[in-house]
Amino acid sequence: MRFLTVLGYSILCALLLCLFSQINDLLKYIFSLGALITGVQFFKRHESRGMRIAFVASTIVLYFIFAVIYALYVAAKTGQLPAAP
């Protein structure tokens, strides 16, 4: 059950961070705020150090995976790599 909890929060937070990094208008800050709130809620509910480390580490790894998947999707669709912000 702990694994699914960490994985669920990490996927949500990583997805929100990925959207934050890809969107260029004012809406991006809503996704940043959502990721922050998700992290705060996780830290409120789980006080053990191992769960917190697993959450942060898996969020970072999943963020990079989602960013690469999005870059590959954009490259396949347009034939060009997305520009770095």
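Quantities reported herein were computed from a predicted structural model and do not represent experimental measurements.

Cut-offs applied
- Residues numbered from 1 in each chain as written.
- Predicted model: local features only at pLDDT ≥ 70, side-chain atom pairs only at ≥ 80, totals over all residues.
- Heavy atoms only, no water.
- Helix = DSSP H or I, 4+ residues; strand = E, 2+ residues; numbered from the N terminus.
- Expected span 1.5 Å × (residues − 1).
- Contact = heavy atoms within 4.5 Å.
- Phe/Tyr/Trp six-rings, centres within 6.5 Å; stacked < 30°, edge-to-face > 60°.
- Buried < 20%, exposed > 50% of the residue type's maximum accessible area, 1.4 Å probe, protein only.
- Lys, Arg positive; Asp, Glu negative; His and termini not counted.
- Salt bridge = Lys/Arg side-chain N within 4 Å of Asp/Glu carboxyl O.
- Axes fitted to C-alpha atoms, helices over the stretch in contact; angles between N-to-C directions.
- Parallel < 35°, antiparallel > 145°, perpendicular 65-115°, else oblique.
- Left-handed = near helix turned anticlockwise from the far one by under 90°.
- Core = buried A, V, L, I, M, F, W, Y, C linked by side-chain atoms within 4.5 Å.

Asks: Pulling in residues and values, what's your account of helix H2 (residues 28–45)?
Replies: Because an α-helix completes one turn every 3.6 residues, residues spaced three or four positions apart along the sequence face the same direction. The end-to-end C-alpha distance of H2, which contains 18 residues, comes to 26 Å, matching closely the 26 Å that a straight helix rising 1.5 Å per residue would cover. Buried residues along H2 sit against helix H1 (2–22) and helix H3 (49–78).

Asks: Break down the environment of phenylalanine 55 for me, with residues and values.
Replies: Examined against the element boundaries, phenylalanine 55 turns out to sit in helix H3. Sequence spacing of phenylalanine 55 and glutamine 22 is 33 residues, and the spatial spacing of their C-alpha atoms is 22 Å.

Asks: Lay out the packing of aromatic side chains with the relevant residues and their values.
Replies: According to the stated counting rule, one finds six aromatic pairs in the structure shown. Look at phenylalanine 42 and phenylalanine 55: their rings are 4.4 Å apart centre to centre, the planes differ by 20°, and that puts the pair in the stacked class. Residue phenylalanine 42 is located in helix H2, and its partner phenylalanine 55 is located in helix H3; the two are separated by 13 residues in the primary sequence. By the burial criterion, phenylalanine 42 is buried, and phenylalanine 55 matches it. With 6.1 Å between their ring centres and 70° between their planes, phenylalanine 43 and phenylalanine 55 make a pair best called edge-to-face. Of this pair, phenylalanine 43 sits in helix H2 while phenylalanine 55 sits in helix H3, and the two are 12 residues apart along the sequence. You can call phenylalanine 43 partly exposed: its relative accessible area is 30%.

Asks: Could you give an account of the side chain of lysine 28, naming the residues involved and the relevant values?
Replies: In this structure, lysine 28 sits in helix H2. No salt bridge forms around the buried lysine 28; measuring N to O, its nearest opposite-charge neighbour aspartate 25 is 8.1 Å away. Not counting residues within four places of it along the chain, the set of residues in contact with lysine 28 comprises Phe20 and Ile23.

Asks: Residues and numbers for the packing of H1 against H2, please.
Replies: Where H1 contacts H2, the axes come no closer than 7 Å and their chain directions differ by 160°. The orientation of H1 relative to H2 falls into the category roughly antiparallel. Here H1 and H2 pass one another in a crossing that is left-handed. Contacts from Thr5, Val6, Tyr9, Leu12, Cys13, Leu16, Leu17, Leu19 and Phe20 in H1 reach Lys28, Tyr29, Phe31, Ser32, Gly34, Ala35, Thr38, Gln41, Phe42 and Arg45 in H2.

Asks: With reference to specific residues and values, describe the nonpolar core.
Replies: Residues Val6, Tyr9, Cys13, Leu16, Phe31, Ala35, Phe42, Met51 and Phe55 constitute the largest nonpolar core, which totals nine residues. Ranked by residue count, the leading element in this core is H1, at four residues. Those residues in contact with cysteine 13 that sit more than four places away from it in its chain are Ala35, Thr38, Phe55 and Thr59.

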